[in-house]
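# Observations on the three-dimensional arrangement
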Amino acid sequence: MKKIIFLFLSFAFCHNLSAQEVNIIPQPVSIKTGLSTEKSITINANTQIVVLDSAMVNSANFLNDYLQNYYNLTLNITKVIPTKNFISLILNTRISDFDDSYVLSTTANGVSIAGTSEPGVFYGIQSFIQLLPTQSAETLTIPLINIIDHPRFDYRGMHLDVSRHFFDVDFVKQYIDYLALHKMNYFHWHLTDDHGWRIEIKKYSKLTEIGAWRKGSIIGLWPGKGNENIKYQVLPTAINITPKDALINTDGIKHGGFYTQEQIKDVVEYAAKRYITIIPEIEMPAHSMAVLAAYPELGTEPDKKYTVAETWGMMNKYNNVLQASDTTFKFFENVLAEVMDLFPSQYIHIGGDEASKVWWKQSLVSQQIMKANILKTESELQSYFIRRIEKFLNSKGKTIIGWNEILQGGLAPNAVVMSWQGEKGGIEAAKQNHKAIMTPENKMYFNHAQFVKEDSLTAGKPSLLADVYHYEPIPAELDAEQAKYIWGGQGCLWTEYITSPGKVQYQLFPRLDALSEILWSPKEKKNYADFKKRLKTQFKRYDLMGIKYSKKYLEN
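Since we're looking at a predicted model, the values are computed, not measured. Throughout, residues of each chain are indexed from 1 in the direction in which the sequence is written. Reporting of local features is limited, given that this is a predicted model, to residues whose pLDDT is at least 70; pairs of side-chain atoms are given and counted only at 80 or more, and all residues count toward the totals for whole chains, interfaces and linings. By convention in this description, side-chain values take in all heavy atoms of the structure and omit both hydrogens and water.

## Digging into the overall build of the protein chain
Rules: To qualify as a helix, a DSSP run of H or I must reach at least 4 residues; to qualify as a strand, a run of E must reach at least 2; elements of each kind are numbered from the N terminus. For this measure, only C-alpha atoms enter the radius of gyration; the expected value for a globule follows 2.2 Å times N^0.38, where N is the number of residues. Any pair of residues with heavy atoms lying within 4.5 Å of one another is described as a contacting pair. Where accessible areas are quoted, they stem from the Shrake-Rupley method and a 1.4 Å probe; at the residue level, only the protein chains shown are allowed to cover. Working convention for charge: Lys and Arg count positive, Asp and Glu count negative, and His plus the chain ends are omitted. Charge positions come from single atoms, namely NZ of Lys, CZ of Arg, CG of Asp or CD of Glu.
Summing up its helical and strand segments, the protein chain has 18 helices and 24 strands in all. Computed over the C-alpha atoms, the radius of gyration of the protein chain is 25 Å, within 12% of the 24 Å expected from 2.2 N^0.38 for a compact globule of 556 residues. Each of the three principal axes of the protein chain carries a C-alpha extent, and together these read 80 × 45 × 45 Å. Nonlocal contacts in the protein chain, meaning residues at least 24 apart in sequence, comprise 75% of its contacts between residues at least 6 apart. Looking at the protein chain as shown, the accessible area adds up to about 22,600 Å², and 51% of this sits on carbon and sulfur atoms. Averaging the coordinates of the 59 positive side-chain charges in the protein chain and doing the same for the 58 negative ones gives two points 2 Å apart.

## As for the nonpolar core
Defined as follows: Put simply, a nonpolar core is a bunch of buried Ala, Val, Leu, Ile, Met, Phe, Trp, Tyr and Cys residues held in one set by side-chain atoms that sit within 4.5 Å of each other. Only protein chains enter the area calculation, which uses a 1.4 Å probe; residues under 20% of their type maximum are buried, those over 50% are exposed, and those in between are partly exposed.
Of all hydrophobic cores here, the largest spans 152 residues; its most connected members are Y175 and W189. With 9 residues, helix α4 (residues 169–181) is the single largest residue contributor to this core. Filtering out sequence-adjacent residues up to four positions away, Y175 remains in contact with M158, H159, L160, F187, L493, V504 and L508. Among the nonpolar cores identified, the runner-up in size contains 18 residues, and W312, Y347, I437 and A459 belong to it.

## A word on the pattern of salt bridges
Convention followed: The working definition used for a salt bridge is a side-chain nitrogen of Lys or Arg within 4 Å of a carboxyl oxygen of Asp or Glu.
One pass over the full model with this rule turns up 16 salt bridges. Linking R164 and D193 is a salt bridge whose minimum nitrogen-to-oxygen distance equals 3.1 Å. Of the two residues, R164 is situated in the loop between β11 (155–161) and α4 and D193 in strand β13 (residues 192–193); the sequence distance between them amounts to 29 residues. Of the residues examined, R164 reaches a relative accessible area of 5% and is grouped as buried. Here D193 falls in the buried class, since its relative accessible area comes to 2%. Of the charged contacts, one joins K202 and E200 as a salt bridge, the two residues approaching to 3.3 Å between their closest N and O atoms. Each of D161, R164 and D193 takes part in one network of salt bridges that share partners.

## Let's talk about the sheet that holds strand β19 (residues 277–284)
Formally: By definition, two strands form a pair when at least two bridges between them are found by DSSP. Axes, fitted as lines to C-alpha atoms, cover a helix only where it is in contact. Angles between the N-to-C directions of the axes lie from 0 to 180 degrees.
The 8 strands are arranged β11-β12-β19-β20-β21-β22-β23-β24 in a closed barrel whose pairing can be described as parallel. Adjacent strand axes in the sheet meet at a mean angle of 30° when their direction is disregarded. Taken together, the 5 bridges between β11 and strand β12 (residues 186–190) define a ladder with parallel strand orientation. When the sheet's bridge partners are listed, L160 is paired in β12 with W189.

## With respect to empty space enclosed by the protein
Put simply, the rule is: Points on a 1 Å grid, built from protein atoms alone, make a cavity when a 1.4 Å probe fits but cannot get out and make a pocket when they are open with protein on both sides within 12 Å along at least 5 of 7 lines; residues with an atom within 4 Å of a point are the lining residues. Grid points are joined across faces, edges and corners, and a volume is the space filled by probe spheres set on the points.
The final tally for this structure, using the stated rule, is 2 cavities of 30 Å³ or more. In this model, the largest cavity occupies a volume close to 70 Å³. Taken together, Y66, Q126, I129, Q130, L181, H182, Q538, R541, Y542 and M545 form the lining of the largest cavity. If you list the elements that add at least two residues to the lining of the largest cavity, you get α3 (118–129) and α18 (528–545). In terms of residue count, α18 provides more of the lining of the largest cavity than any other element does, 4 residues in total.

## Topic: the packing of helix α17 (residues 511–520) against α18
This is how the line gets drawn: Comment on the angle field: the value is read as roughly parallel under 35 degrees, roughly antiparallel over 145, roughly perpendicular from 65 to 115, and oblique elsewhere. Crossings are classed by handedness, with left-handed meaning an anticlockwise turn of the near helix from the far one by less than a right angle and right-handed meaning a clockwise turn.
One can describe the packing of α17 onto α18 by two numbers: an axis separation of 11 Å at closest approach and a directional angle of 125°. It follows that α17 is oblique to α18 by the angle criterion. Here the hand of the crossing between α17 and α18 comes out right-handed. Here α17 contributes D513, A514 and E517 to the contact with α18, which in turn contributes F531, R534, L535, Q538 and Y542.

## Details of the pairing of strand β9 (residues 140–143)
Only one face of β9 is buried, namely the one carrying L140 and I142, since none of T141 and P143 on the opposite face is buried. Strand direction decides the pairing type here: strand β3 (residues 40–43) and β9, joined by 4 bridges, are antiparallel. When the bridges of β9 are listed, S40 appears paired with P143.

## Brief notes about unusual backbone geometry
Omega for the bond connecting W222 with P223 falls within 30 degrees of zero, at 10°, which places this linkage in the cis form. Summarising the element assignment, P223 is placed in the loop between β15 (213–214) and β16 (231–234). Phi angles above zero are rare outside glycine, and D100 is one such case at about 55°. Along the polypeptide, D100 turns up in the loop between β6 (86–91) and β7 (102–106).

## Thoughts on the packing of α4 against helix α16 (residues 501–508)
At a minimum axis distance of 11 Å, the contact between α4 and α16 shows a crossing angle of 20°. Here α16 runs roughly parallel to α4, going by the angle between their axes. At the point where α4 passes α16, the crossing takes the right-handed sense. Of α16, the residues touching α4 (which contributes F171, Q174, Y175 and Y178) are P501, V504, Q505 and L508.

Interpretation note: all reported values are geometric properties and have no functional meaning in isolation.
Here it is in structure tokens:
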């Protein structure tokens, strides 16, 4: 067990504070009270934020912005250390052997937040924020405590799909703030899919001129109102839709949108100031109807009239796969070159899921490509596609992430696997010494209902708060060495039935709280009853912040 070294602390501690007294989510490693006869300290207009290292200015500004937004309180930032009434932000690599750890200490004189890194200090600020009152006031009273903390997993992610429904820059920034407050460090931005292409690519303007707009949406759950009589038969070599001339009924309301490259840069910079890395997802070789609507020559049926999808559901019922041709690879190399210029992340998500092999089986060109490259099955063709893209991205210093289907036909040499169809993909990747991110749909998909009887339209079976909280990202069947490849976990939020920021909030909270605790807090400290008690204070904070959530949680 690594030892924490307290070189700068003279503060003595006695008994543990119970979690419900402090109500921090995610639960810190250690919370203690001191021997001081004082029980609390106040933060007011005369409090100063002390920053001796310029690297701490970013975190100081974040804290000041939060205090201004929710308490109408703006503090002076100074390099001069006062004797009392201060919040000191300290970068000190010697306080812990753990990465991104922090120690938060409050005494009668002031507050000290020391971290082993810039993110560590920032995470300490998030805990400090949760010590503040849940109602606005000119003077803020916080308890005298000491917190020692560090994250359990290196990857703590949350996803947002903006392909099915578009959300503007202001809300995306707000979403990033939600992640920051929960000590998440990766934002998986799902930018392309069958339903819309959301990122400006200057070399291929039709991607947004055509691919960013859908003409309507089905009404209700799949297959949608008025489509109940349409039948789909998925066969090994064909997909039959009856009647053959079936037209899908939708609401006929056109919607869409996209982010300019300047907007993308702005969001990336915003996230970086919150120590969040944005991982963009550019879908391939399937889920590409928005691409094919703009550039049909990239598909297996280049003479077909492709359209941006108006339906929710597994899209292998329609031809949404790319042709694995040199033309396609050159196109996506050009696209990814522009993507890489916008996102400094080492990781690029390339999708790789739900590619129906039927369309490659039916394509003479696909079969010729398989023969030329000595590929025996269409699964091997998918692996060939992923490996070609990976080779290009690796040559630019990038690493690919793909959904667990990228295991089909053989895993690309350096790929990270995101396991969504249960845990099997993550287990298989870890056993092959590949990093894995666990996001099983039945627990981690927050577009699913959060109650057995939900009061709004949602996808799939319920993903209950208790199920999220009790999820363990490291599968029991992995040995200690294999478990090291479980990089962390992620929640996903797909937006076919989510059309407004308010519903995003409703679906996200409080399951994001549960997710943050399983990814940050020590496994042995998980306690669902205690978590629910802490949530009561968290809901009050959400009220202060104007965040929507289900009031059902307040009934018990």
